[in-house]
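Listed here are the chains, written in short residue letters.
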Amino acid sequence: MRMLLTRATLATMTGDVPYGLIPDGALALANGRIEWVGPAKAIPEVYRGGPVHDLGGRLVTPGLIDCHTHLVFAGNRAREFEMRLTGASYAELARAGGGIMSTVAATRAASMDDLLADALPRLDAMIAEGVTVVEVKSGYGLDRETELRMLRAARALSDLREIRTVTSYLGAHAVPAEYQGRADVYLDEVCLPVLEAAAAEGLVDAVDGFCEGIAFDSGQMARVFDRAQALGLPVKLHAEQLSHQGGAALAARYGALSADHLEYATEADARVMAAAGTVAVLLPGAFYTLRETQTPPVEMFRDHGVPMALATDANPGSSPMVSLLLAMNMGCTLFRLTPEEALAGVTRNAARALGIADMGVLAPDMRADLAVWNVENPGELAYRIGVNRLHRRIVGGNL
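Residues numbered from 1 in each chain as written. Predicted model: local features only at pLDDT ≥ 70, side-chain atom pairs only at ≥ 80, totals over all residues. Heavy atoms only, no water.

(A) Local environment of the pattern of salt bridges. Going through the model one piece at a time under the given rule, you end up with 20 salt bridges. Asp124 is paired through a salt bridge with Arg161; the nearest N and O atoms lie 2.6 Å apart. Here the residue Asp124 occupies a position in helix H4 (residues 112-127), and Arg161 occupies one in the loop between helix H5 (144-160) and strand S7 (164-172), the gap between them amounting to 37 residues. For Asp124, a relative accessible area of 30% translates into the label partly exposed. In this structure, Arg223 engages Asp188 in a salt bridge whose closest nitrogen and oxygen atoms are separated by 2.2 Å. You can see Arg223 sitting in helix H7 (residues 218-230) and its partner Asp188 sitting in helix H6 (residues 183-200), a full 35 residues away along the chain. The exposure class of Arg223 is partly exposed, given its relative accessible area of 28%. Among the charged side chains, a salt-bridge network with shared partners connects Arg108, Asp143 and Glu178. (Salt bridge = Lys/Arg side-chain N within 4 Å of Asp/Glu carboxyl O. Helix = DSSP H or I, 4+ residues; strand = E, 2+ residues; numbered from the N terminus. Buried < 20%, exposed > 50% of the residue type's maximum accessible area, 1.4 Å probe, protein only.)

Listed below in structure tokens is the structure:
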């Protein structure tokens, strides 16, 4: 069935006009897709006389996409938050057995039901802000059973809520305590075999890793990426967050969907990422929480045409936030993105960072996942702090 949405300001995120804005616009939806989009005065005759929904002049954007989260986990790290405020660094906490390892212990002890019960309130908060797609990583199990359980839970979220989940296998997140000092053995005995098992079960959409001094080096990540490519899976990478380890260049060499964090990326990294089409996913929540001082090279990314996405990095340690609207504001205030770049970062470029071709813009043949806002112009979405102006989500054309 066709549905015509009228009296809307459309931020299509296409074309040369800022935000792709159509001030008095209309959208025709059919079979879960956008069939036509344009100014109200140009509505084709075929749509006249059918079902019409008046949006009352509200702003319509593509449904928001959170392209980097660790949404499925157990426990919390509030104590570490206190310790960081007294001077302990993220790397120091990790080496002392805190950080990721403390979440690993809690997550290993959690059942599937526990993981879902913990994740759903976080997911509901995202949905309430217009998110229609969320990426969810594993990486807090670091053993076969827990990694697979996390991925199954991530898949199950889309059965329990009207949202699309995209899964990333992050077995190369950290070296667990039982393999300390034996990272390559961990890759051989756990990480790579579990990747094979998860892929065979259809649980993996992409393969991720943490290339950092406290995690895995570029040579070890290349081994993981080689296995991912053999399985026909795209890759992405946590890169250049705390130091420069060559992760961004490695990601570009493998044609990665994205390289994420990137505080220590260089101009050479920007150049190779642009050539590879690798999206720079910026994560201001982690920058803020860890009280970092070196910002990602946004100007270099602009100069070289690297698409920039924004995400919450929702996780219990370095970015305990689930608000993509707040991430947009942080992206502007901390990283000096423009509000238009911020909105592109949670729509068009976020879709690209996940390898999704039919979402992120308002255009014919795109999936009809929309967010309708009680705002006058799209810049308000990044401008406001702690204010949610969502009127409604439209998912798959369903009001």
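Read on for the rest.
(B) A look at the pairing of strand S13 (residues 370-373). Here S13 shows a buried face lined by Leu370 and Val372 and a second buried face lined by Ala371 and Trp373. Across four bridges, strand S4 (residues 52-62) lies against S13 in antiparallel orientation. Its bridge partner lying in S13, Thr61 is registered against Ala371. Two elements, S13 and strand S14 (residues 390-394), share four bridges in a ladder whose sense is antiparallel. From the neighbouring strand, Ala371 faces S14, where its bridge partner is Arg393. (Pairing = 2+ DSSP bridges.)

(C) View of the environment of Asp217. Within the secondary structure layout, Asp217 lies in the loop between strand S8 (206-211) and H7. Among the residues examined, Asp217 registers a relative accessible area of 38% and is labelled partly exposed. For the pair Asp217 and Val281, spaced 64 residues apart in sequence, the C-alpha to C-alpha distance is 20 Å. At 3.1 Å, the side chain of Asp217 and the backbone nitrogen of Gly219 are in polar contact. In this structure the side chain of Asp217 is engaged in a polar contact, spanning 2.8 Å, whose partner is the backbone nitrogen of Gln220. (Polar contact = N/O pair within 3.5 Å; in protein donor to acceptor, adjacent residues only side chain to side chain.)

(D) Region of interest: helix H9 (residues 267-276). All of the buried residues along H9 are Asp269, Ala270 and Met273. Around the axis of H9, the buried residues are gathered within 100° of arc, so they sit on the same side. Looking at the buried side of H9, the elements it contacts are helix H8 (247-253), strand S10 (258-261), strand S11 (279-282) and helix H11 (298-304). (Arc of directions from axis to C-beta. Contact = heavy atoms within 4.5 Å.)

(E) Region of the structure containing the UniProt feature "binding site: Fe(3+)" (unreviewed entry) in the chain. Taken from the UniProt record, the annotation "binding site: Fe(3+)" (unreviewed entry) applies to His68, His70, His238 and Asp313. Taken together, the annotated residues stretch across 246 residues yet fold into one region, lying no more than 12.3 Å apart by C-alpha. Set against the largest cavity, the annotated residues that line it come down to His70, His238 and Asp313. Its location among the elements puts His70 in the loop between strand S5 (64-66) and helix H1 (78-85). The residues touching His70, leaving out its near neighbours within four places in the chain, are Lys137, Ser138, Tyr140, Leu170, His173, His238, Asp313, Ala314 and Asn315. Secondary-structure assignment places Asp313 in the loop between strand S12 (308-310) and helix H12 (324-335). Setting aside its immediate chain neighbours within four residues, Asp313 contacts His68, Thr69, His70, His261, Leu283, Ala286, Ser318 and Ser319. (UniProt positions renumbered as here; feature names shortened; annotations may be inferred. 1 Å grid on protein atoms, 1.4 Å probe; cavity = no way out; pocket = protein on both sides within 12 Å on 5 of 7 lines; lining within 4 Å.)

(F) The sheet that holds S5, seen in detail. With respect to topology, eight strands assemble into an open sheet ordered S5-S6-S7-S8-S9-S10-S11-S12, the strand pairing being parallel. On the outer flanks of this sheet lie S5 and S12, each paired with one strand and no other. Strand-to-strand, the axes of this sheet are offset by a mean angle of 25°, without reference to chain direction. Bridge count for strand S6 (residues 131-137) against S7 is five bridges, and the pairing is parallel. Bridge pairing in S7 places Val136 opposite Thr167. (Axes fitted to C-alpha atoms, helices over the stretch in contact; angles between N-to-C directions.)

(G) Representation of the packing of aromatic side chains. In total, this model carries six aromatic pairs according to the counting rule given. With 6.3 Å between their ring centres and 80° between their planes, Phe73 and Tyr140 make a pair best called edge-to-face. Within this pair, whereas Phe73 is found in the loop between S5 and H1, its partner Tyr140 is found in the loop between S6 and H5, the two being separated by 67 residues in sequence. The burial state of Phe73 is the same as that of Tyr140; both residues are buried. Aromatic side chains Tyr186 and Phe216 sit 6.2 Å apart centroid to centroid with 25° between the ring planes, which places their arrangement in the stacked category. You can see Tyr186 sitting in helix H6 and its partner Phe216 sitting in the loop between S8 and H7, a full 30 residues away along the chain. As far as the burial class goes, Tyr186 and Phe216 line up, both buried. An aromatic cluster of at least three residues, connected via ring pairs, comprises Tyr179, Tyr186 and Phe216. (Phe/Tyr/Trp six-rings, centres within 6.5 Å; stacked < 30°, edge-to-face > 60°.)

(H) Just the domain arrangement of the chain, in detail. Entries for the chain in the domain assignment read domain 1 (2-62 + 361-394) and domain 2 (64-354). Using only C-alpha atoms to locate each centre, domain 1 and domain 2 end up separated by 31 Å. For the pair domain 1 and domain 2, the two sides together bury roughly 1,700 Å², of which 62% comes from carbon and sulfur. When residues of domain 1 are sorted by the area they lose upon contact with domain 2, Met13, Ala382 and Arg393 head the list and together hold 37% of the total. Connecting domain 1 to domain 2 are zero salt bridges. Within the residue set of the side of domain 1 that touches domain 2, elements represented by two or more residues are S4, S13, helix H15 (379-383) and S14. Looking at which element gives the most residues to the side of domain 1 that touches domain 2, the answer is H15, with four residues. Split into classes, the residues belonging to the side of domain 1 that touches domain 2 amount to 16 nonpolar, three polar and three charged. (Domains from an automatic or database assignment. Buried area = accessible area lost by both parts, 1.4 Å probe. Nonpolar A, V, L, I, M, F, W, Y, C, P; charged D, E, K, R; others polar.)

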